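Spelled out, the chains give:
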Amino acid sequence: MKKTTSDFFIRTECPVCLSSHIKQVKKGNIPYYDFDPDQIKITDKEYGKIWDLSQCEDCTHVFANPCPSPDYIQSLYSQIKDPSYEEEAEGREKNFLPILWNLIEILSGKGEIFDVGAATGIFLNLARKYGWTPAGVETSNWAVDTAAEKYHLRINKGAFESVELKKNHYQVVTMIDFIEHIPHPQKAVHKARRILRQDGVLCLVTPNQKSLAAKISGSKWWHFRPAHIHYFNKSSLQTLLKDSGFQIKKIRNYCWTFSAHYLISRFESLSFLLKNHFLSSFFKKIPIKLALGDSIEIYAQKKE
Ligand SMILES: [Zn+2]
């Protein structure tokens, strides 16, 4: 895909708190004019790749600047196909289950749940199994079709920002690994507020740029990927939510579960282990919980 300068825009203010006190903190290593869209798949291996990054001197938020435009992001994500994401369905379900427990605890019940960036519907399928009424939106055409075929879920195709939805309707909106991928996080959070009913809850999961894992791995941090255009920390994420009319109810460190097969496949030097059919299926059956706590899981309630 040929890129033009209109595929990127320069920010003069912080996308979270709108302060104009921003400064460049890192020079990126992704070519703006020769970017391969395959690098933004959920399961990509492009660790340590970053855009030019700026930081807000007021709320400490870190973000890509120049930033890919909403239209460019939309066109990239609509074409994404990522079968290896679906292969990890079991592990991903394990990751998602605690979210449902926390939501039930905060809301004292269940209801209609709207998942933003629903991917192939693994989370919504799980929510439905536990008594929630599922709805969602997803940009990748392949993922929406997979959700329909595999789970009989009807997920809206397109960008959350532009799809028409009922106002003051949902008990829950979830954004799991979504907000760091879009140019205007504030717009998305405002929209989540509009579609939530009073006292409804927004659950958001996103990498924590100030986590121990991020500090230890430095420039090789696995969340430094072309797909990520925002790097939040607990403070900047709370600023975003409070300024948008939410009250913070709970903050946790998010843990991931993957199969040994998936983790090995992330490292080129270990790929020989998976060439053996017996070993390969053996590794697929071993779940590994990564208690890295390198993402923030936050619950915020809609208030007047
Ligand atoms: Zn800011």
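Below, the structure is looked at part by part.

What counts as what
Residues numbered from 1 in each chain as written. Predicted model: local features only at pLDDT ≥ 70, side-chain atom pairs only at ≥ 80, totals over all residues. Heavy atoms only, no water. Helix = DSSP H or I, 4+ residues; strand = E, 2+ residues; numbered from the N terminus. Buried < 20%, exposed > 50% of the residue type's maximum accessible area, 1.4 Å probe, protein only. Areas by Shrake-Rupley, 256 points an atom, 1.4 Å probe, with all protein chains shown as cover. Donors = N, O, S within 2.8 Å, 3.2 Å for Na, K, Ca; no water. Tetrahedral: all angles 85-135°; square planar, octahedral: opposite > 155°, others 65-115°. Phe/Tyr/Trp six-rings, centres within 6.5 Å; stacked < 30°, edge-to-face > 60°. Lys NZ or Arg CZ within 6 Å of the ring centre and 35° of its normal. Contact = heavy atoms within 4.5 Å. Pairing = 2+ DSSP bridges. Axes fitted to C-alpha atoms, helices over the stretch in contact; angles between N-to-C directions. Parallel < 35°, antiparallel > 145°, perpendicular 65-115°, else oblique. Left-handed = near helix turned anticlockwise from the far one by under 90°. Nonpolar A, V, L, I, M, F, W, Y, C, P; charged D, E, K, R; others polar.

**Re the overall build of the chain**
Part 1: If you tally the helices and strands in the chain, you get 10 helices and 13 strands.
Part 2: Looking at the chain as a whole, 55% of its 304 residues are labelled buried.
Part 3: Total accessible area on the chain is roughly 14,000 Å²; 53% of this is exposed by carbon and sulfur atoms.

**Structural notes on unusual backbone geometry**
Part 1: With an omega of 5°, the peptide bond between Asn-65 and Pro-66 qualifies as cis.
Part 2: Position of Pro-66 among the secondary structure elements: in the loop between strand E4 (62-64) and strand E5 (67-68).
Part 3: With phi around 65°, Leu-18 is a residue other than glycine that occupies positive phi space.
Part 4: Turning to its location among the elements, Leu-18 is positioned in the loop between strand E1 (8-9) and strand E2 (22-26).

**Remarks on the coordination of the zinc ion**
Part 1: For the zinc ion, the full set of protein donor atoms is Cys-14 (SG), Cys-17 (SG), Cys-56 (SG) and Cys-59 (SG), and the range of their distances to it is 2.3 to 2.4 Å.
Part 2: Around the zinc ion sit four donor atoms; with metal-centred angles ranging over 102 to 115°, the donor geometry is tetrahedral.
Part 3: We note that the donor set of the zinc ion lies within a single chain, spaced as C-x2-C-x38-C-x2-C. Linking Cys-17 in the loop between E1 and E2 with Cys-59 in the loop between strand E3 (53-56) and E4, this pair joins segments that are 42 residues apart in sequence.
Part 4: A relative accessible area of 6% means that Cys-59 is categorised as buried.

**Remarks on the packing of aromatic side chains**
Each aromatic ring pair is specified by the distance between its two centres and by the angle formed by the two planes.
Part 1: Under the criterion given, the structure shown has nine aromatic pairs.
Part 2: An angle of 90° between the planes, with centres 5.4 Å apart, marks the rings of Trp-221 and Phe-224 as edge-to-face. For the pair shown, Trp-221 and Phe-224 are each scored as buried.
Part 3: Three or more aromatic residues joined by ring pairs form one cluster here, namely Phe-8, Trp-51 and Tyr-72.
Part 4: One Lys or Arg, Lys-191, reaches over the ring of Phe-160 and ends 5.4 Å from the middle of that ring.

**Brief notes about helix H1 (residues 70-78)**
Part 1: Taken together, the buried positions of H1 are Tyr-72, Ile-73, Leu-76, Tyr-77 and Ser-78.
Part 2: Against E1, E5 and helix H5 (141-151) lie the buried residues of H1.

**Let's talk about the sheet that holds E4**
Part 1: The sheet built from four strands is open, its strands ordered E2-E3-E4-E11 with antiparallel pairing. Where the open sheet ends on each side, the last strands, each with one partner, are E2 and strand E11 (230-231).
Part 2: With three bridges joining them, E3 and E4 adopt antiparallel strand pairing. Residue pairing in the sheet places Ser-54 in a bridge with Phe-63 of E4.

**Considering the environment of Gly-48**
Part 1: Relative to the helices and strands, Gly-48 is located in the loop between E2 and E3.
Part 2: Taking the C-alpha atoms as reference points, Gly-48 and Gly-218, separated by 170 residues in sequence, lie 8.8 Å from one another.

**Observations regarding the environment of Ala-148**
Part 1: Mapped onto the fold, Ala-148 is located in helix H5.
Part 2: Taking relative accessible area as the criterion, Ala-148 reaches 36% and is therefore assigned partly exposed.
Part 3: Residues Ala-148 and Thr-120, 28 residues apart in the sequence, show an inter-C-alpha distance of 8.4 Å.

**Regarding the packing of helix H3 (residues 89-107) against helix H4 (residues 122-129)**
Part 1: Here H3 crosses H4 at 55°, and the two axes come no closer than 9 Å. As far as their axial angle goes, H4 and H3 are oblique. Crossing angle aside, the handedness with which H3 passes H4 is right-handed. For the pair formed by H3 and H4, the contact residues are Ala-89, Arg-92, Glu-93, Phe-96, Leu-97, Ile-99 and Leu-100 on the first element and Ile-122, Phe-123, Asn-125, Leu-126, Ala-127 and Lys-129 on the second.
Part 2: Taken together, the residues that form the contact of H3 with H4 break down as nine nonpolar, one polar and three charged.

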